[in-house]
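Structural description and commentary
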Amino acid sequence: MSQESASGSGTPEQALPEGRLEGRQVFADLVRQAMVCAAREGWTHIILSDPDFADWPLGERMVIDALQAWAGRGRHIQFMARDFGPLRQLHPRLVQWRVTWSHLVQAHACASLVGTELPSAIWSPGWTMERLDVMRCTVVASVDARRRVALKERLDTCWDMGSPSFPATTLGL
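Quick caveat: nothing in here was measured; it's all calculated off a predicted structure.

Conventions adopted
- Residues numbered from 1 in each chain as written.
- Predicted model: local features only at pLDDT ≥ 70, side-chain atom pairs only at ≥ 80, totals over all residues.
- Heavy atoms only, no water.
- Helix = DSSP H or I, 4+ residues; strand = E, 2+ residues; numbered from the N terminus.
- Buried < 20%, exposed > 50% of the residue type's maximum accessible area, 1.4 Å probe, protein only.
- Contact = heavy atoms within 4.5 Å.
- Polar contact = N/O pair within 3.5 Å; in protein donor to acceptor, adjacent residues only side chain to side chain.
- Core = buried A, V, L, I, M, F, W, Y, C linked by side-chain atoms within 4.5 Å.
- pLDDT = per-residue confidence, 0-100.
- Axes fitted to C-alpha atoms, helices over the stretch in contact; angles between N-to-C directions.
- Parallel < 35°, antiparallel > 145°, perpendicular 65-115°, else oblique.
- Left-handed = near helix turned anticlockwise from the far one by under 90°.
- Nonpolar A, V, L, I, M, F, W, Y, C, P; charged D, E, K, R; others polar.

Here we come to the environment of R148. Among the secondary structure elements, R148 is positioned in helix α5 (residues 145-161). What makes R148 buried here is its relative accessible area of 17%. Here the alpha-carbon distance between R148 and W127, two residues 21 residues apart in the chain, equals 7.0 Å. In this structure, R148 is in contact with W123, S124, P125, G126, W127, T128 and V143, ignoring residues within four places of it in sequence.

This is the structure we're talking about:
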């Protein structure tokens with residue numbers, strides 16, 4: 001695990017890490033911290049993007065509690081994946097949370113994207129995290145406006161290439 005820099009606004013226990021970080025545990029902790037921070041700071045918009053979210057801690061009670069605390073009027077979250085199957089199987093708490101808060105959630109499947117075309121990332125209006133190497137879990141976290149805008153543009157392009165998916169309910173027999 002390496003960390004080139006760790007800074008941010010607020011008190012040290014409240015600041016999200018910045019810089020280059022590495023390791024599976026570090027990545028999972030960053031996801032947890034980001035969701036707690038989103039609730040605490042009232043982020044209005046969150047984008048979660050990953051090919052399948054298989055190794056994200058999205059089904060953990062702590063993450064769901066943070067999302068529950070975050071959810072409310074004026075909030076919006078977007079999920080993007082190539083395939084939502086692993087997310088549905090591995091994160092049933094998140095699937096149930098999605099049903100409850102369906103009016104805040106949009107999801108697109110980006111099945112046509114290959115390799116790293118679909119970023120593994122969290123985007124918010126003030127902080128971003130992008131996993132550059134999924135195998136080593138090398139992550140860059142930043143509050144830099146240029147990095148945030150560039151990531152948002154890439155995510156918007158992926159969103160436009162995707163189609164609605166991961167519905168709150170499934171109709172059928």
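On the secondary structure map, S49 appears in strand β2 (residues 45-49). Residue class for S49 comes out buried when judged on its relative accessible area of 0%. A distance of 2.6 Å separates a polar side-chain atom of S49 from the backbone oxygen of P119. For S49, the residues in contact, after removing those within four places along its chain, are W56, M80, L118, P119, S120, A121 and L155.

For soluble globular proteins, nonpolar side chains are generally found buried alongside one another. Of all hydrophobic cores here, the largest spans 43 residues; its most connected members are L48, W70, W97 and I122. At the level of elements, α1 (24-41), β2, α2 (61-70), β3 (76-81), α4 (92-100), β4 (105-109) and β7 (138-142) are the ones that each hand at least two residues to this core. With 9 residues, the top contributor of residues to this core is α1. Not counting residues within four places of it along the chain, the set of residues in contact with W97 comprises I64, L67, Q68, W70, A71, I77 and V105.

Here we take up unusual backbone geometry. Of note, C137 is a non-glycine position whose phi angle comes to about 55°, a positive value. Considering the arrangement of structural elements, one finds C137 in the loop between β6 (128-133) and β7. You can call C137 buried: its relative accessible area is 1%. Here F166, not a glycine, exhibits a phi torsion of approximately 50°, which is positive. Turning to its location among the elements, F166 is positioned in the segment after β8 (163-164).

Quick look at the side chain of S120 now. Among the secondary structure elements, S120 is positioned in strand β5 (residues 120-123). Side-chain polar atoms of S120 contact the side chain of D50, separated by 2.5 Å. Each residue touching S120, except ones within four places of it in the same chain, is listed here: S49, D50, W56, M129, E130 and R131.

Another point: the confidence of the model for the chain. A low pLDDT means the predicted coordinates there should not be read in detail. When pLDDT is averaged along the chain, the result is 90; 90% of the residues meet or exceed 70. Across residues 1-13, confidence stays below pLDDT 50; counting only partners more than four residues off in sequence or on other chains, it has 18 contacts.

Let us now look at the packing of α2 against α4. Packed helices, taken two at a time, are described by the angle their axes make and the gap between the axes. Relative to each other, α2 and α4 sit at 15°, their axes nearing to 9 Å. Comparing their axes, α4 and α2 come out roughly parallel. For the pair α2 and α4, the crossing hand works out as right-handed. Between α2 and α4, the residues in contact are R61, I64, L67, Q68 and W70 and R93, L94 and W97, respectively. Classifying every residue of the contact of α2 with α4 by side-chain character gives 5 nonpolar, 1 polar and 2 charged.

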